[in-house]
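Here is what each chain is made of, one letter per residue.
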Amino acid sequence: MRLSQFLTENAEEILKEWDAFAATVTHEGKALDKKALRDHAAEILRTMSRDLATPQSTSEQEEKSKGLAARASAPSAAETHADSRMMAGFAIDAMITEYRALRASVLKIWSASGGGTTTDDLRDITRFNEAIDQSIAESVGRYTQQTKKSTDLFLGILGHDIRNPLGTIMMAAEVLIRSGKISAKAAAPIVNSAVRINAIIEQVVDFTRAQSEGVMPVERTPGNLADQLFKVVQETQVRYPSRTLQLRSAGNFDGSWDEGRIGQLLSNLLGNAFLYGAREGAVTVDLSSTHKDVIFSVHNEGSPIPQGDLGRIFEPMARGSLSEYGGERREPSGLGLGLYICREIVLAHGGTLQVESSAEEGTTFLVTMPRFAVLSQS
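What am I meant to see in the packing of aromatic side chains here?
Two measures describe an aromatic ring pair: the distance that separates the ring centres and the angle between the ring planes. Under the criterion given, the structure shown has 4 aromatic pairs. Judged by centre distance (6.4 Å) and plane angle (85°), the rings of Trp18 and Tyr99 are edge-to-face. One end of the pair, Trp18, is in helix α2 (residues 11-22); the other, Tyr99, is in helix α7 (residues 92-112), and 81 residues separate them in sequence. With respect to burial, Trp18 and Tyr99 carry one shared label: buried. Stacked on the ring of Phe90, the Lys or Arg Arg85 has its end atom at 4.6 Å from the ring centre.

Please explain the sheet that holds strand β8 (residues 352-358) as it appears in this structure.
Hydrogen bonds between backbone groups are what pair the strands of a sheet, and the pairing can be parallel or antiparallel. With mixed pairing, 5 strands are arranged side by side in an open sheet as β2-β4-β5-β9-β8. In the strand order of this sheet, the two ends are held by β2 (245-249) and β8, each with one partner. On average, adjacent strands in this sheet sit at an angle of 15° to one another, irrespective of strand direction. Sheet analysis places strand β5 (residues 293-300) next to strand β9 (residues 362-370), joined by 8 bridges and oriented antiparallel. If you follow Val298 over to β9, its bridge partner there is Phe365. In the packing of helix α10 (residues 225-239) onto the sheet, the strands contacted are β2, β4 (283-289), β5 and β9, and the crossing angle to β2 comes to about 170°.

I tried to follow α10 on my own but got confused; where do I start?
Structural remark: α-helix, 3.6 residues per turn; residues separated by three or four positions point the same way. For α10, which comprises 15 residues, the first-to-last C-alpha distance of 22 Å matches the rise-based estimate of 21 Å (1.5 Å per residue) to within 8%. Those residues of α10 lying buried are Leu225, Ala226, Gln228, Leu229, Val232, Val233 and Thr236. The arc enclosing the buried residues of α10, seen along the axis, measures out at 155°, which places them on a common side. Measuring from the side-chain oxygen of the N-cap residue of α10 to the backbone nitrogen of Ala226 gives 3.0 Å; that N-cap residue is Asn224.

Could you clarify how one ought to interpret empty space enclosed by the protein in this entry?
Any empty space left between the atoms is revealed when a probe the size of a water molecule rolls over them. Scanning the model with the defined rule gives 1 cavity of 30 Å³ or more in all. Volume-wise, the largest cavity comes out at about 40 Å³. In this structure, the largest cavity is lined by Glu17, Trp18, Phe21, Ala22, Glu98, Ala101, Leu102 and Ser105. For the lining of the largest cavity, the elements supplying multiple residues, two or more each, are α2 and α7. Broken down by class, the residue content of the lining of the largest cavity amounts to 5 nonpolar, 1 polar and 2 charged.

Would you take a moment to explain the layout of surface pockets for this structure?
A volume near 570 Å³ is recorded for the second largest pocket. Lining the second largest pocket are 26 residues, and of these Asp51, Lys64, Ala69, Ala70 and Gln134 lie nearest its centre. Elements with a contribution of two residues or more to the lining of the second largest pocket: α4 (41-53), α5 (58-65), α6 (77-87) and α8 (119-179). Of the residues that constitute the lining of the second largest pocket, the class distribution is 11 nonpolar, 6 polar and 9 charged.

Help me understand the pattern of salt bridges in this model?
A side chain of one charge can pair with a side chain of the opposite charge when the charged atoms of the two come close. Throughout the structure, instances matching the rule amount to 17 salt bridges. As a salt-bridge pair, Glu12 and Arg38 come within 3.3 Å of each other at their nearest N and O atoms. Here Arg38 lies in helix α3 (residues 34-38) and Glu12 lies in helix α2, a separation of 26 residues in the sequence. Classification of Glu12 as partly exposed rests on a relative accessible area of 39%. For Arg38, a relative accessible area of 15% puts it in the buried group. Ionic pairing is found between Lys231 and Glu259, a salt bridge with its closest N-O pair at 3.2 Å. Within this pair, whereas Lys231 is found in helix α10, its partner Glu259 is found in helix α11 (residues 259-276), the two being separated by 28 residues in sequence.

Reading the values: rules and limits
For every chain, the first residue of the written sequence is number 1, and numbering continues from 1 along that sequence. It should be noted that, the model being predicted, local features are given only for residues of pLDDT at least 70 and side-chain atom pairs only at 80 or more, the latter also being counted only at that level, while totals for whole chains, interfaces and linings use all residues. Just so you know, side-chain values use all the structure's heavy atoms and leave hydrogens and water out. In this scheme Phe, Tyr and Trp rings, the latter by its six-membered ring, pair at centre separations within 6.5 Å, and the angle between planes marks the pair as stacked below 30 degrees, edge-to-face above 60, and tilted otherwise. Each helix is a run of DSSP H or I of at least 4 residues and each strand a run of E of at least 2, with the numbering of both proceeding from the N terminus. Accessible area is worked out with a 1.4 Å probe on protein chains only. A residue is then buried under 20% of its type maximum, exposed over 50%, and partly exposed in between. Two thresholds decide whether a charge sits over a ring: the Lys NZ or Arg CZ must be within 6 Å of the ring centre and within 35 degrees of the ring normal. Two strands form a pair only when DSSP identifies at least two bridges running between them. For helices, the axis comes from a line fit to the C-alpha atoms of the stretch in contact; other axes are also lines fit to C-alpha atoms, and the angle between any two N-to-C directions lies between 0 and 180 degrees. Only heavy atoms enter the contact rule, under which two residues are in contact if any of them lie within 4.5 Å. The length a helix should cover is 1.5 Å for every residue beyond the first. Each direction from the helix axis to a C-beta atom contributes to the arc, which is the arc of those directions. We define a polar contact as two N or O atoms separated by no more than 3.5 Å, with the added condition that, inside protein, one atom must be a possible hydrogen donor and the other a possible acceptor, whereas residues neighbouring each other in sequence contribute only through side-chain atom pairs. Of the two site types, the cavity is a set of points on a 1 Å grid over the protein atoms alone where a 1.4 Å probe fits but cannot get out, and the pocket is an open set with protein on both sides within 12 Å along at least five of seven lines, each lined by residues with an atom within 4 Å of a point. Grid points are joined across faces, edges and corners, and a volume is the space filled by probe spheres set on the points. Side-chain classes are defined by residue name, with Ala, Val, Leu, Ile, Met, Phe, Trp, Tyr, Cys and Pro counting as nonpolar, Asp, Glu, Lys and Arg as charged, and the others, Gly among them, as polar. Note on definitions: salt bridges are taken to be side-chain nitrogens of Lys or Arg within 4 Å of carboxyl oxygens of Asp or Glu.

Distances and angles like these do not, on their own, reveal function.
In structure tokens form, the structure reads like this:
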């Protein structure tokens, strides 16, 4: 019996094994009944059976082996299965294991019935594996596409629907101050809280974009890096009037940068230095340059970053250990995304971000970036 006929005549036995395996898959959604567990497995199996029974050219076989077979305009059974599993809370790797289990079940049951011994059987096995790979490609592609849509929707809600009322709160606080109904001191908690919430929104949006697109989006424009950083230093000094902040520069800093991202980069590094550095110590920004690159560093005095944290400090959601600074414990109040975003901004500019920290020398974050975008060579 050819494998295509075997799939049709033994579909129920194969699908029972699918049901049994799907029931063991851990997922975040609610428990699924038998119908939901089987989902579109029967249609996927029928599609494979029809495919095996259809003559195939060498070029078609090669395309299918790469997951590039021609597709109908309507969603395939594998694509619809991906939609259902995503809504049920299945992770993408859990969905892929279903296909792996299906492959193993079919080959096991077929082998037990005496299949897989002739030359035609071996050809059928090859085509069956290609059909499984095509279904995986369709499911993964669909799952990824739907995830991207969900991400875009999330960013739209976060960036617009939440940021707008936040702006209203800040504007209302300013109006109350100017009208004399409340003092600037009384309004400070409102304004500071709104600023902090807005910063968290920006971090979450940036993190999500970097995770979704694989790189932090930047828009370069010609400019002088020293001028851009000087603005950020001035703004930061206003926020920390009792702290010492120094800027030293020597060199040529013309190039092409995303000014907004560069400002965000330095602001995050300075905020980190003021949070973790010694209160009585200075925070120093040093700028220098070479023919191709510009370099700047942010240095603070105080207790060093624990060695156990250095290896993961730029990872998302990573927070440093609580440490003693001048007799008080300072706990990070953000989401643990600041230094991750710094690294992604530098990488998007084709640069590097390094950190050195010791009790003797303090902590220094060193940024090195090319003046202009480096074109990849194919």
